[in-house]
Amino acid sequence: NTGDWKLRSYQRRKTHSMLNGATELAKVDNDIEEPGQTTRTVETDGHKVNFQLLKSVTKRPTTSRKERMESEWTNINVHKSRALGRIGHRCQRWLTSKDPIYLTVLYLVLYLSMNAIFAAVWYFFDRKGRCCEDESMTYAQVFDFAVQTSSTIGYGGYWPKGYLNNALVVVITLLSIVLSTVYAGLLFFKFITPQANIEFSDVIAMSNVLGEPCLEVRIGNADGRANALINGEANLWVTSIQEYRAPGEFAKRRVVQTENLHLAVSQVPKVNGVWTIRHFIDEHSPLYGLRLDEFPATTIYSLNLNFKAIQVITKGEVFSQTAYQVEDIMVGYCFEEQAVWDPKTKTGYHDYSKLSKTKPSFVWYPNAVEVDDYEDIRLEPPSWSNRSNGKQQVTERPDEPVWKRQSTYAASERW
């Protein structure tokens, strides 16, 4: 009856659950994904916002995310530690960032160079003895002696004679032990550190899910069951930069705010394929009632997505993250199906070529704000103390955009 339907509808909106109201969703002519009405008006923060049912609102960006998000920030005027400690930390970060093949080649180059240098010292600076009191030794033989000594092999064909040569043997042996220990430690670190080939969708899809606007992002474990991951967890944040000038102040203030975008499901038991995370743009969302091409959505700097899971093999955590911009949100699109299951053979596969492919889909999206709708926002620039005859004078700053001259309080009154 009508009461039961309203209860199921309320539970579905409250929990964003596919199970609540599943019977209604299964109908071909259900009124959830394709409602009969194409417009609706809601009230948020004391103001009315008109929504329209649209498709294909935005287009895919022409430039890549990597190119648009590329930037570099450097910390200055920080408290510095000792020079030796800074050099050690930099070397540690640099070495741990290299792959095992690079480290192996680097180790061989350093090891052979060390032996070549010590062989040259014995050959050119000790012409009479050539490290072993044998003037007939060639450079190749002296180099052979250096390798046998540094590798602690010592076949017995050569042995050092004299205090200086024995001291050099001790030095080359210690250097070789240190070099080999560091190389072995780096290899061990590389092998025990959990690794996973995590891929993210290039865009964020925005369409109606359960009758409400929803952001969707895909996270994929490209290694699949060969590198099983369990206890997957994702977090999505939006960062905006607000610039304003408070009444009576000349200098502008800049406020960087990061807010959490609550996910319908933020944890899953395992990630062997592709996981689609969803953020419903409801009354509790910071994005509710905003058009992405209008203020204040234009102040959004980035949307950051973090993912972590436990690798079954090593029992350690793997981490990965990515960032998006407003241009990456495809309004009026949903992702194409990329999972195929064959019930006869009981096999399935995930097509990663469709990880970021979208298709048009309905979405409730706010109408463009008319100029008259901004009457309650103070568009003139803030004033500072410049009084004459008891009246406050306002000095214009036409070099700034209008939205940057709006006060935070007035903007919040509108939105």
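Residues numbered from 1 in each chain as written. Predicted model: local features only at pLDDT ≥ 70, side-chain atom pairs only at ≥ 80, totals over all residues. Heavy atoms only, no water.

### As for unusual backbone geometry
Move 1: For the bond running from phenylalanine 295 to proline 296, omega is 5°, close enough to zero to count as cis.
Move 2: Tracing the sequence through the fold places proline 296 in the loop between β9 (274-280) and β10 (300-311).
Move 3: Of note, the phi angle at threonine 152 is positive, near 60°, even though the residue is not glycine.
Move 4: Tracing the backbone through its elements, the reader meets threonine 152 in the loop between α6 (139-150) and α7 (163-192).
Move 5: On the basis of relative accessible area, threonine 152 is assigned to the exposed category, the value being 58%.
Move 6: Phi angles above zero are rare outside glycine, and lysine 346 is one such case at about 55°.
Move 7: Structurally, lysine 346 is set in the loop between β14 (339-342) and β15 (347-350). (Helix = DSSP H or I, 4+ residues; strand = E, 2+ residues; numbered from the N terminus. Buried < 20%, exposed > 50% of the residue type's maximum accessible area, 1.4 Å probe, protein only.)

### Quick notes on the sheet that holds strand β1 (residues 39-44)
By way of backbone hydrogen bonds, the strands of a sheet pair with one another, either parallel or antiparallel.
Move 1: Taken in spatial order, the three strands make up an open sheet running β1-β2-β17, and their pairing is antiparallel. Of all strands in the sheet, those bounded by a partner on one side alone are β1 and β17 (363-366). Strand-to-strand, the axes of this sheet are offset by a mean angle of 35°, without reference to chain direction.
Move 2: Note that strand β2 (residues 47-54) and β17 share four bridges and pair antiparallel. The residue of β17 that forms the bridge with glutamine 52 is tyrosine 365. (Pairing = 2+ DSSP bridges. Axes fitted to C-alpha atoms, helices over the stretch in contact; angles between N-to-C directions.)

### What about the pattern of salt bridges?
Move 1: Per the stated rule, a full pass over the model turns up seven salt bridges.
Move 2: The salt bridge involving arginine 291 is made with glutamate 294; its shortest N-O contact spans 3.9 Å. As far as burial versus exposure is concerned, arginine 291 and glutamate 294 are alike and both buried.
Move 3: Several salt bridges share partner residues, and in doing so they unite Glu243, Lys252 and Arg254 into one network. (Salt bridge = Lys/Arg side-chain N within 4 Å of Asp/Glu carboxyl O.)

### A few points about the packing of helix α5 (residues 100-125) against α6
Move 1: Two elements in contact, α5 and α6, have axes separated by 8 Å at closest approach and are oriented at 125°. Considering the angle they form, α5 stands oblique to α6. Of the two possible hands of crossing, α5 and α6 adopt the one that is right-handed. Here α5 contributes Tyr111, Leu112, Met114, Asn115, Ala116, Ala119, Ala120, Trp122 and Tyr123 to the contact with α6, which in turn contributes Tyr139, Val142, Phe143, Phe145, Ala146, Val147 and Ser150.
Move 2: In the contact of α5 with α6, the residues fall into 14 nonpolar, two polar and no charged. (Parallel < 35°, antiparallel > 145°, perpendicular 65-115°, else oblique. Left-handed = near helix turned anticlockwise from the far one by under 90°. Contact = heavy atoms within 4.5 Å. Nonpolar A, V, L, I, M, F, W, Y, C, P; charged D, E, K, R; others polar.)

### What to know about the packing of aromatic side chains
Move 1: All told, the structure shown has nine aromatic pairs when counted by the stated rule.
Move 2: Here the aromatic rings of tryptophan 122 and phenylalanine 145 are separated by 5.2 Å at their centres, their planes lie at 65°, and the arrangement is edge-to-face. Of this pair, tryptophan 122 sits in helix α5 while phenylalanine 145 sits in helix α6, placing them 23 residues apart in sequence. In this structure, tryptophan 122 and phenylalanine 145 share a single accessibility class: buried.
Move 3: Connected via pairs of aromatic rings, a cluster forms that spans Tyr107, Tyr111 and Tyr183.
Move 4: Directly above the aromatic system of phenylalanine 362 lies the positively charged group of lysine 55, at a separation of 4.4 Å from the ring centroid.
Move 5: Residue placement shows lysine 98 over the ring face of tyrosine 102; its charged tip is 5.2 Å from the ring centre. (Phe/Tyr/Trp six-rings, centres within 6.5 Å; stacked < 30°, edge-to-face > 60°. Lys NZ or Arg CZ within 6 Å of the ring centre and 35° of its normal.)

### A word on the packing of α6 against α7
Move 1: Look at α6 against α7: their axes get within 8 Å of each other, and the N-to-C directions meet at 55°. Considered as vectors, α6 and α7 are oriented oblique to each other. You can see that α6 and α7 cross each other, and the crossing is right-handed. Along its contact with α6, which presents Phe145, Ala146, Thr149 and Ser150, the element α7 presents Val169, Ile172, Thr173 and Ser176.
Move 2: For the contact of α6 with α7, a count of residues per class yields four nonpolar, four polar and no charged.

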